[in-house]
Amino acid sequence: MGRHNSTETKKRKRRRRIFWFAIFPLLLVAAVSASYGTYLYKKAENMMGGAFFDDRGKSDLRDKKVDPHIDNVSILFIGIDESEKRGFSDNARSDALMLATLNEKEKSVKLLTIPRDSYVYIKEVGYSTKINHAHKYGGPRATIETVEDLMDIPVDYYVRLDFEAFMAVVDALDGIDVDVPYAFSEQNSKDKAGAISLEAGMQKLDGEEALALARTRKLDNDIERGKRQQEIMKAIAAKAASGTSLTKYGKVIDAIGDNMRTDMTFDEIKAFVDYAVSGNLSIESYTLEGEDTRIMNSQGQNIYYWQINEDSLADVKGKLKEHLDIATYDNTEMAKPAGQEQEEDETLEQAP
């Protein structure tokens, strides 16, 4: 089915979009900080101590808990429209999902963007609906379970962060250099329409401008937006890992502190310092191809979803498994029928 027309979309107020693709470079900052003097070490240690929250232990798809100092691992980045100050609600929908696999020997990263409207089976409730609903049903645990069922790989860690940290980190780094693909105007973080205007071309963006580039999809779609988010992540990673940013790490850590929750300990975070200082960190990006579709629910509502292409899914799964050096799991949940679609609050969802 075609894209939802923009006229109908404009009739509904767009919920604030939150993007967590900045999280991996932030972890690199925390790791490098651990080796950059007593002050930053203690600052990073205190920040991570306050953000630590482990409510699940190891992945059910692992025989034992991984050690990122020696093992290949995966990290799921979850974005929600909440913060620690607002209670980090576990009944909020996720606004962005990225799955990273890290190969310890190669010091390489593969990064998968999962479209927020992807139509997937959610074991927590026993039927298929948008993947961003998993967090609403069961917080990080249900989101992790859903991604593991979809991708057939273990999720070893998760990181959840608020969008305020993303903007604050970009500003703490004195901006990032990004190639803007086209001229556009977008609302700012306070939802003021047309507050941010950018021209096409390579330029230095501050936090508000980077968020506007990441959130806009007026001239394309969710898949292209995911690709832009990945490019912005790479720009943040490059700036964070550069020698010129070492003096800014204190501000970066402050920006992360009140807006992050993770099940990684500070010692586990420090394992990533070798990725940060390797000098040739490789980040390869993927997305799940598919098509816009609409599915009628039992209330007669024609709901928008992103229907994942099975060939694309199989291809990406194979690459991530190879990167983690793991075998295929016997995951029968993936084959379960779609069942009944989610009915509650579906009318609040936005089409692309």
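Above this text you will find the structure in question.
What you see is a predicted model; the values in this text were computed from it and never measured.

**Some words on the overall build of the protein**
From N to C terminus, the protein includes eleven helices and 14 strands. When each of the 352 residues of the protein is scored for burial, the buried share is 59%. A fraction of 73% describes how many contacts in the protein between residues 6 or more apart in sequence connect residues 24 or more apart. For the protein, the exposed surface amounts to about 14,300 Å²; the carbon and sulfur share of it is 47%.

**Concerning helix 4 (residues 134–151)**
With 18 residues, helix 4 ought to run about 26 Å at 1.5 Å a step, yet its terminal C-alpha atoms sit only 15 Å apart, falling short of that. Maximal helix bending in helix 4 amounts to about 105°, located at Pro 140. Burial of helix 4 is extensive: 15 of the 18 residues sit out of reach of the surface. Two residues or fewer after helix 4 comes Asp 152, characterised by a positive phi angle close to 60°.

**Brief notes about the packing of aromatic side chains**
For any pair of aromatic rings, the description consists of the separation of the ring centres together with the inter-plane angle of the planes. One pass over the full model with this rule turns up two aromatic pairs. Here the aromatic rings of Tyr 182 and Phe 184 are separated by 6.0 Å at their centres, their planes lie at 75°, and the arrangement is edge-to-face. Phe 184 shares its class with Tyr 182; the two are buried. Note that Lys 130 overlies the ring of Tyr 305, its terminal NZ or CZ placed 5.7 Å from the centroid. Here the guanidinium or amino end of Arg 261 rests over the ring plane of Phe 53, the centre of that ring lying 4.5 Å away.

**What about the pairing of strand 5 (residues 127–130)?**
Of the strand pairs in this sheet, strand 4 (residues 119–122) and strand 5 are connected by four bridges, and their pairing is antiparallel. When the sheet's bridge partners are listed, Val 120 is paired in strand 5 with Thr 129.

**A closer look at the side chain of Lys 110**
With respect to the helices and strands, the residue Lys 110 is situated in strand 3 (residues 108–114). A polar contact is formed between the side chain of Lys 110 and the side chain of Tyr 286, at a distance of 3.2 Å. When neighbours within four sequence positions are excluded, Lys 110 is seen to be in contact with Leu 99, Ala 100, Thr 101, Glu 284, Tyr 286, Lys 319, Leu 320 and His 323.

**Things to note about the nonpolar core**
The tendency in soluble globular proteins is for nonpolar side chains to be buried side by side. Core analysis: the largest hydrophobic core is formed by 56 residues, its most contacted members being Ile 75, Phe 77, Leu 102, Phe 166, Ile 176, Ile 232 and Met 260. Sort the elements by how many residues they give to this core and helix 5 (residues 163–172) lands first, with seven residues. Residues Leu 76, Tyr 158, Leu 324 and Ile 326 belong to the second largest nonpolar core, which totals 31 residues.

**Things to note about the pattern of salt bridges**
Oppositely charged side chains are able to pair whenever their charged atoms sit close together. Tallying each qualifying case throughout the model produces 14 salt bridges. A salt bridge links Lys 107 to Glu 104; the shortest N-O distance between them is 3.1 Å. The salt bridge involving Asp 315 is made with Lys 319; its shortest N-O contact spans 3.2 Å. Here Asp 315 and its partner Lys 319 are both found in helix 11 (residues 310–324), four residues apart, which amounts to about one turn of the helix. Overlapping salt bridges bring together Arg 116, Asp 117 and Lys 130 as one network.

**Side note on empty space enclosed by the protein**
Under the criterion given, the structure shown has two cavities of 30 Å³ or more. Secondary-structure elements contributing two or more residues to the lining of the largest cavity are strand 2 (94–103), strand 3 and helix 7 (222–241). In terms of residue count, helix 7 provides more of the lining of the largest cavity than any other element does, five residues in total. Here the second largest cavity is characterised by a volume of approximately 40 Å³. Considering the residues around the second largest cavity, the lining is formed by Lys 58, Ser 59, Arg 62, Lys 64, Lys 65, Val 66, Asp 156 and Tyr 157. The residue inventory of the lining of the second largest cavity, partitioned by class, reads two nonpolar, one polar and five charged.

**Quick word on the packing of helix 5 against helix 6 (residues 207–215)**
Each pair of packed helices gets described by two things: the angle between the helix axes and the distance between those axes. Where helix 5 meets helix 6, the axes come as close as 7 Å, and the angle between the chain directions of the two elements is 125°. As the angle between them shows, helix 5 and helix 6 are arranged oblique. With respect to the hand of their crossing, helix 5 and helix 6 are arranged in right-handed fashion. Only Gly 207, Glu 208, Ala 210 and Leu 211 of helix 6 make contact with helix 5, whose side of the interface consists of Phe 163, Phe 166, Met 167, Val 170 and Asp 171. Here the contact of helix 5 with helix 6 is built from residues that sort into six nonpolar, one polar and two charged.

Conventions used here
- Residues numbered from 1 in each chain as written.
- Predicted model: local features only at pLDDT ≥ 70, side-chain atom pairs only at ≥ 80, totals over all residues.
- Heavy atoms only, no water.
- Helix = DSSP H or I, 4+ residues; strand = E, 2+ residues; numbered from the N terminus.
- Buried < 20%, exposed > 50% of the residue type's maximum accessible area, 1.4 Å probe, protein only.
- Contact = heavy atoms within 4.5 Å.
- Areas by Shrake-Rupley, 256 points an atom, 1.4 Å probe, with all protein chains shown as cover.
- Expected span 1.5 Å × (residues − 1).
- Bend = angle between axes of the 7 residues up to and from the residue.
- Phe/Tyr/Trp six-rings, centres within 6.5 Å; stacked < 30°, edge-to-face > 60°.
- Lys NZ or Arg CZ within 6 Å of the ring centre and 35° of its normal.
- Pairing = 2+ DSSP bridges.
- Polar contact = N/O pair within 3.5 Å; in protein donor to acceptor, adjacent residues only side chain to side chain.
- Core = buried A, V, L, I, M, F, W, Y, C linked by side-chain atoms within 4.5 Å.
- Salt bridge = Lys/Arg side-chain N within 4 Å of Asp/Glu carboxyl O.
- 1 Å grid on protein atoms, 1.4 Å probe; cavity = no way out; pocket = protein on both sides within 12 Å on 5 of 7 lines; lining within 4 Å.
- Points joined across faces, edges and corners; volume = space filled by probe spheres on them.
- Nonpolar A, V, L, I, M, F, W, Y, C, P; charged D, E, K, R; others polar.
- Axes fitted to C-alpha atoms, helices over the stretch in contact; angles between N-to-C directions.
- Parallel < 35°, antiparallel > 145°, perpendicular 65-115°, else oblique.
- Left-handed = near helix turned anticlockwise from the far one by under 90°.

Note that all results are geometric; they support no functional claim without further evidence.
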